[in-house]
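Remarks on the overall topology
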Amino acid sequence: MPQGTGPKIRIMSEQSGRVSRRGRGEAERSFRMQKEGIMRRSWTDQILWGMAAIVLAMTAALCIVGSIRSQAADTQKVREAYYEQSEREYLSRVREFMEEQGYRNSGITLNRVVDSDGQRSYKVLVHHGALDRLEEAAQEEVLRQIEDLGFQDADCIFTARILR
């Protein structure tokens, strides 16, 4: 059967809403063209949907990373608060010890160094005229006792010196 002589098919035009009579070949050609148009739109839509998915995934990842960083910062703040409180208590114990030993109004300075791996080194400098006049063995005993007053933490090292 020659093309266009077959049974007529009623096709409603999407744009005008009119019903037209076309032959089977013409209808198939029109359908193919519409399908190709849909496939082209589908290809670009896939790219857009893929980009939207990537943007959403990156946004979710950034939110998760931000939350983790916030929790790490909170943990760091809590740790710092703990060490600050421990340092204040340590200084008060050293002052009490010095007063008990008869060294009132001693100058006491605490220096802290924190390494990149979290290790803390404390250097206690003590100044009192009477300490300067003690023999070296007695000075070392006082300094050892000051070091022993330090709070017990695996990441902390205490060193005491007499400031002259």
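Please read these numbers as outputs of a predicted model, since none were measured by experiment.

Quick notes on the overall build of the protein chain
A count of helical and extended segments in the protein chain gives three helices and five strands. Along the protein chain, helices (α) and strands (β) appear in the sequence β-β-α-β-β-α-α-β when read from the amino end. Here the protein chain holds 164 residues, and the buried ones make up 21% of them. Look at the contacts in the protein chain between residues 6 or more apart in sequence, and 49% of them connect residues 24 or more apart.

Some remarks on the packing of aromatic side chains
Applying the stated rule across the entire model yields six aromatic pairs. Where Y90 meets F158, the ring centres are 4.8 Å apart and the plane angle is 50°; that geometry is what we call tilted. Here Y90 is found in helix α1 (residues 24-100), whereas its partner F158 is found in strand β5 (residues 156-162), with 68 residues between them in sequence. Across the pair, exposure class does not vary: Y90 and F158 are buried alike. Put simply, the rings of Y82, Y83, Y90, Y122, F151 and F158 touch in pairs and so form one group of aromatic residues. Note that R120 overlies the ring of Y83, its terminal NZ or CZ placed 3.8 Å from the centroid.

Some remarks on a nonpolar patch on the surface
Together, W43, I47, L48 and M51 make up a nonpolar patch on the protein surface, roughly 450 Å² of accessible area in all. The topology assignment puts M51 in helix α1.

Here's the deal with the pairing of strand β4 (residues 120-127)
Across eight bridges, strand β3 (residues 107-114) lies against β4 in antiparallel orientation. Looking at the pairing, L110 lines up with V124 of β4. Here β3 folds back onto β4, and the loop between the two strands holds five residues, one of which, G118, carries a positive phi near 95°. In this sheet, β5 lies alongside β4 in parallel orientation, the contact comprising seven bridges. Across the sheet, the residue bridging to Y122 is F158, located in β5.

Some words on helix α3 (residues 136-148)
An ideal rise of 1.5 Å per residue puts 18 Å on 13 residues; α3 measures up with 18 Å between its terminal C-alpha atoms. Among the residues making up α3, those that are buried are Q139, V142, L143 and I146. An end-on view of α3 places all buried positions within 95° of arc, on one side of the element.

A few points about the nonpolar core
One finds Y90, M98, V124, L131, I146 and F151 to be the most contacted residues of the largest nonpolar core, which totals 20 residues. When residues in this core are grouped by element, the largest group, six residues, is from α1.

What to know about the side chain of S106
Position of S106 among the secondary structure elements: in the loop between α1 and β3. A polar side-chain atom of S106 sits 2.5 Å from the main-chain carbonyl oxygen of Y103. Among residues more than four places away in sequence, those in contact with S106 are M98, H127 and H128.

Considering unusual backbone geometry
Notably, N105 is not glycine yet its phi reads approximately 55°, a positive angle. Checked against the element boundaries, N105 lands in the loop between α1 and β3.

Thresholds, definitions, all that
Residues numbered from 1 in each chain as written. Predicted model: local features only at pLDDT ≥ 70, side-chain atom pairs only at ≥ 80, totals over all residues. Heavy atoms only, no water. Helix = DSSP H or I, 4+ residues; strand = E, 2+ residues; numbered from the N terminus. Buried < 20%, exposed > 50% of the residue type's maximum accessible area, 1.4 Å probe, protein only. Contact = heavy atoms within 4.5 Å. Phe/Tyr/Trp six-rings, centres within 6.5 Å; stacked < 30°, edge-to-face > 60°. Lys NZ or Arg CZ within 6 Å of the ring centre and 35° of its normal. Patch = residues over 30% accessible without salt bridge, like charges linked within 9 Å, V, L, I, M, F, W, Y side chains within 5 Å. Areas by Shrake-Rupley, 256 points an atom, 1.4 Å probe, with all protein chains shown as cover. Salt bridge = Lys/Arg side-chain N within 4 Å of Asp/Glu carboxyl O. Pairing = 2+ DSSP bridges. Expected span 1.5 Å × (residues − 1). Arc of directions from axis to C-beta. Core = buried A, V, L, I, M, F, W, Y, C linked by side-chain atoms within 4.5 Å. Polar contact = N/O pair within 3.5 Å; in protein donor to acceptor, adjacent residues only side chain to side chain.

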